[in-house]
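# Overview (structure and organization)
If you want the building blocks of each chain, they are given just below.
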Amino acid sequence: MVRPFLYKNHEIHKAQSFVNYVFMEVILKAPKLADSIFSSNLVLDKYKNLIDGVNVNYIKNPLIEIYSICKKLDKSSIKTLKKAVINNNRIRELCKGEVEPVLYSEIEIIDNTLAQQIKYFCDNLYDESIKKAAFYNQFDSIDNYYNFLVGKSVTCRSCGRSTVLTKFNSHRSGLDHYLPRKHYPFSAINFKNLIPICDICNESYKNQKDPLIIVLNKGKSNEQKIKTKAYYPFSRFTLEIVIKLNFLKNYDSNICPEDMEVSFECVNHQEEVDNWDRLFGIEENYKAEFCSDEMYSYYEEVLMATSRGLDYLDLLKHQEKWADKRFLKIPFLTTLSA
Ligand SMILES: [Zn+2]
């Protein structure tokens, strides 16, 4: 991320409390509870309507199934599931490598049907339940939260290059599950894990890539999984990323990605920056930008202005660098004027 999101208190963050409560206080206590079947009578009054007020296929039925399987589980399996609920929602600590997540693959080992039902429940929380009146009347809507979080800032905080829709658009950009819900149970509606980024970052590059694990030689006999640190999107600090650009031939309108080197340096956070590049294809995207017709036109504009005695680079350094792709124009002009 070139810039973090500012965490803002909003009712929608409490939707995760419902998930934590139902699992920690009811479902995972099933072996000790007298009730043989799960029902909304087992939960606090404030949560009853979230169970009874939504299509039974999304909340109630999967919870009935999960409860009945959990009732027969041993202490060790219950402990793993509790760890999944707690750890998988400590997004900041997971990014820093301070806590261990629990993956679906670990729940499949306990019970395959249980893993499937939890997946089904969690997927429906985000795809269906949270959009229903029972949820948005209690926690407000995703659209309102999106407008509250994004406001009128159009620049994608992941790449800094493309745009997101703002509160002045009638539509909104997608929210990326930073820790993909395909791998991480129980964080599907954790809004510290949901980030509004541009479609290029979200759909073309990131997709299901896991910020916490790099997979080498995927699908081959020598497949290797390496843990890595990731930048927390709601971090209180901005990474000081230095973009290094080097042209391997003279710059002209026919310049291609093969004619340049782009790298990123960040003191004390190189691992997070390398991971950001891996997740969002940043090097490829920035090379495409440096090779664009628009960047060449900008270069011609700068040449004309320079011939009239104007120092464009000095001017750029005194302007807002996140506007007008200036954070890319600065290394571009710095390299060309060296
Ligand atoms: Zn982006």
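Residues numbered from 1 in each chain as written. Predicted model: local features only at pLDDT ≥ 70, side-chain atom pairs only at ≥ 80, totals over all residues. Heavy atoms only, no water.

### Some details on the packing of aromatic side chains
How we decide: Geometry of aromatic contacts follows a simple scheme: Phe, Tyr and Trp rings, the Trp one being its six-membered ring, pair when their centres are within 6.5 Å, and the pair is stacked under 30 degrees between planes, edge-to-face over 60, tilted otherwise. Here a strand is any run of E in DSSP of at least two residues, a helix any run of H or I of at least four, and the numbering for each starts at the N terminus. We call a residue buried when its accessible area falls under 20% of the maximum for its residue type, exposed when it is over 50%, and partly exposed in between, using a 1.4 Å probe and counting protein chains only. Definition used: whenever NZ (Lys) or CZ (Arg) falls within 6 Å of the ring centre and also within 35 degrees of the ring normal, the charge is taken to sit over that ring.
Applying the stated rule across the entire model yields 26 aromatic pairs. Seen in terms of ring centroids, F247 and F332 are 6.4 Å apart; in terms of plane orientation they differ by 80°. Their pairing is edge-to-face. Note that F247 is positioned in strand 5 (residues 242-247) and F332 in helix 15 (residues 326-337), a separation of 85 residues in sequence. A residue is classified by how much of its surface remains accessible, and F332, at 0% relative accessible area, is buried. Each member of the aromatic cluster is reached from another via a ring pair, and the members are F247, Y251, F290, Y296, Y299 and F332. One residue, K8, lies across the ring of F148, its end atom 5.0 Å from the ring centre. Looking at K329, its charged tip hangs above the ring of Y298, at a distance of 4.3 Å from the centre.

### With respect to the nonpolar core
This is how it is decided: In plain words, nonpolar cores are sets of buried Ala, Val, Leu, Ile, Met, Phe, Trp, Tyr and Cys residues tied together by side-chain atoms within 4.5 Å. Note on definitions: a residue-residue contact is assigned when non-hydrogen atoms from the two residues lie within 4.5 Å.
Ranked by internal contacts, the top residues of the largest apolar core, which has 113 residues, are F23, I27, C70, Y286 and F332. Apart from the residues within four sequence positions on either side, F23 is in contact with L28, L63, I66, V85, F121 and F186.

### Some thoughts on the coordination of the zinc ion
Definition in use: The donor set covers N, O and S atoms within 2.8 Å of the metal, switching to 3.2 Å for Na, K and Ca, and it leaves out water, so a site may look short of donors. The rule is simple: four donors are tetrahedral if all their angles sit between 85 and 135 degrees, four are square planar and six octahedral if opposite donors span more than 155 degrees and the others lie between 65 and 115, and anything that fits none of that is irregular.
Summarising the metal site, the zinc ion is bound by the protein donors C156 (SG), C159 (SG), C198 (SG) and C201 (SG), whose distances to it range over 2.3 to 2.4 Å. Because the angles between the 4 donor atoms bound to the zinc ion fall within 105 to 116°, the donor set is best described as tetrahedral. Read in sequence order, the donor residues coordinating the zinc ion give the pattern C-x2-C-x38-C-x2-C. Here the residue C159 occupies a position in the loop between helix 9 (142-150) and strand 1 (175-177), and C201 occupies one in helix 10 (residues 199-206), the gap between them amounting to 42 residues.

### So, the state of the cysteines
The criterion, for reference: By disulfide we mean two sulfur atoms from cysteines, separated by a distance within 2.5 Å.
By the definition in use, this model includes 0 disulfides. Cysteine C95 is unpaired, with the sulfur of C266 as its nearest cysteine sulfur at 15 Å. The exposure class of C95 is buried, given its relative accessible area of 0%. The thiol of C291 is unpaired, and the distance to the nearest cysteine sulfur, on C256, comes to 6.1 Å.

### Considerations on the environment of V54
By secondary structure assignment, the location of V54 is in the loop between helix 2 (45-52) and helix 3 (60-70). On the basis of relative accessibility, which here comes to 4%, the residue V54 falls in the buried class.

### A word on the domain arrangement of the chain
How we decide: For the domains described, the bounds stem from an automatic or database domain assignment. Reported buried area values correspond to the accessible surface (1.4 Å probe) lost by two parts on association, with both partners' losses combined. Salt bridge, as applied in this entry: a Lys or Arg side-chain nitrogen positioned within 4 Å of an Asp or Glu carboxyl oxygen.
One can read the domain layout of the chain as domain 1 (11-216) and domain 2 (242-337). Computed over C-alpha atoms, the centres of domain 1 and domain 2 are 38 Å apart. Counting residues at the interface gives 16 residues for domain 1 and 15 residues for domain 2. Between domain 1 and domain 2, the buried area comes to about 1,400 Å², and carbon and sulfur atoms account for 52% of it. Broken down residue by residue, the surface that domain 1 buries against domain 2 is led by S158, R161 and Y205, which jointly contribute 44%. In this assembly, domain 1 and domain 2 are joined by 1 salt bridge. A salt bridge links E289 to R161; the nearest nitrogen and oxygen atoms lie 2.4 Å apart.

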